[in-house]
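# Fold and geometry: a report
Okay, here's what each chain looks like letter by letter:
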Amino acid sequence: MADTEQLPAWCPGDGWCSITSTAALVGKKWHPVIIHRLLSEGPLGFNALQEEVDGISSKVLSESLDDLEDKRIVSRTIVSEKPVRVEYALTELGESLEPVVMSMAEWGQKHLDPVDEEAASVV
């Protein structure tokens, strides 16, 4: 694993540290969804990504992307200056989260009851 980028751990030496450090990365509500959509669709502009992540506000998407960029999971590239258009893509580190996010999706499909849209909007 020495060939891949390493992230700092806030709890080195503790047996549970790798779990909590990973959870801190993907444990926010929209982070795994954003990562999943970028894994599935490839690089996307802000508006396209917002369409792919149905239900997220512009503010929350922007904050989430900033956080994922700070954590080196997502990269932001300016595609055009006028009008300003940016594209978001997963970094190599972000792509390495694919088995984690896909396992979350598989677990959810197997163990969570389907919810009708009306009930889901209340949550």
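Heads up: the structure comes first, above all this text.
The structure reproduced in this document is the subject of the present report. Along each chain, the written sequence defines residue order, and numbers are assigned to residues from 1. Note on the predicted model: pLDDT of at least 70 is required for a residue's local features to be given, and 80 or more for side-chain atom pairs to be given and counted; whole-chain, interface and lining totals, by contrast, use all residues. Derived side-chain values reflect all non-hydrogen atoms in the structure, with water molecules and hydrogen atoms excluded from consideration.

## A short note on the nonpolar core
The condition that has to hold: In this text, buried Ala, Val, Leu, Ile, Met, Phe, Trp, Tyr and Cys residues form a nonpolar core when linked through side-chain atoms within 4.5 Å. Burial classification: accessible surface area is computed with a 1.4 Å probe over protein chains only, and a residue below 20% of its type maximum counts as buried, one above 50% as exposed, and the rest as partly exposed. Secondary structure elements follow DSSP: runs of H or I of four or more residues count as helices, runs of E of two or more count as strands, with numbering from the N terminus. It only takes one pair of heavy atoms within 4.5 Å for two residues to be counted as in contact.
Of all hydrophobic cores here, the largest spans 21 residues; its most connected members are Ile34, Ile35, Leu38, Leu49, Leu65, Ile73 and Val74. For this core, the secondary-structure elements that each account for two or more residues are α1 (17-26), α2 (31-41), α4 (58-70) and β3 (85-90). Residues contacting Leu49, with those up to four places away along its chain left out, are Ile34, Arg37, Leu38, Leu44, Leu61 and Leu65.

## Notes on the environment of Leu90
Residue position: Leu90 is located in strand β3. Separated by 56 residues in sequence, Leu90 and Ile34 place their C-alpha atoms 9.7 Å apart.

## A closer look at the side chain of Arg37
Topologically, Arg37 is positioned in helix α2. Overall, the relative accessible area of 16% leaves Arg37 in the buried class. With residues near it in sequence (within four places) discarded, Arg37 still touches Gly42, Leu49, Glu52 and Val53.

These figures capture arrangement, not role.
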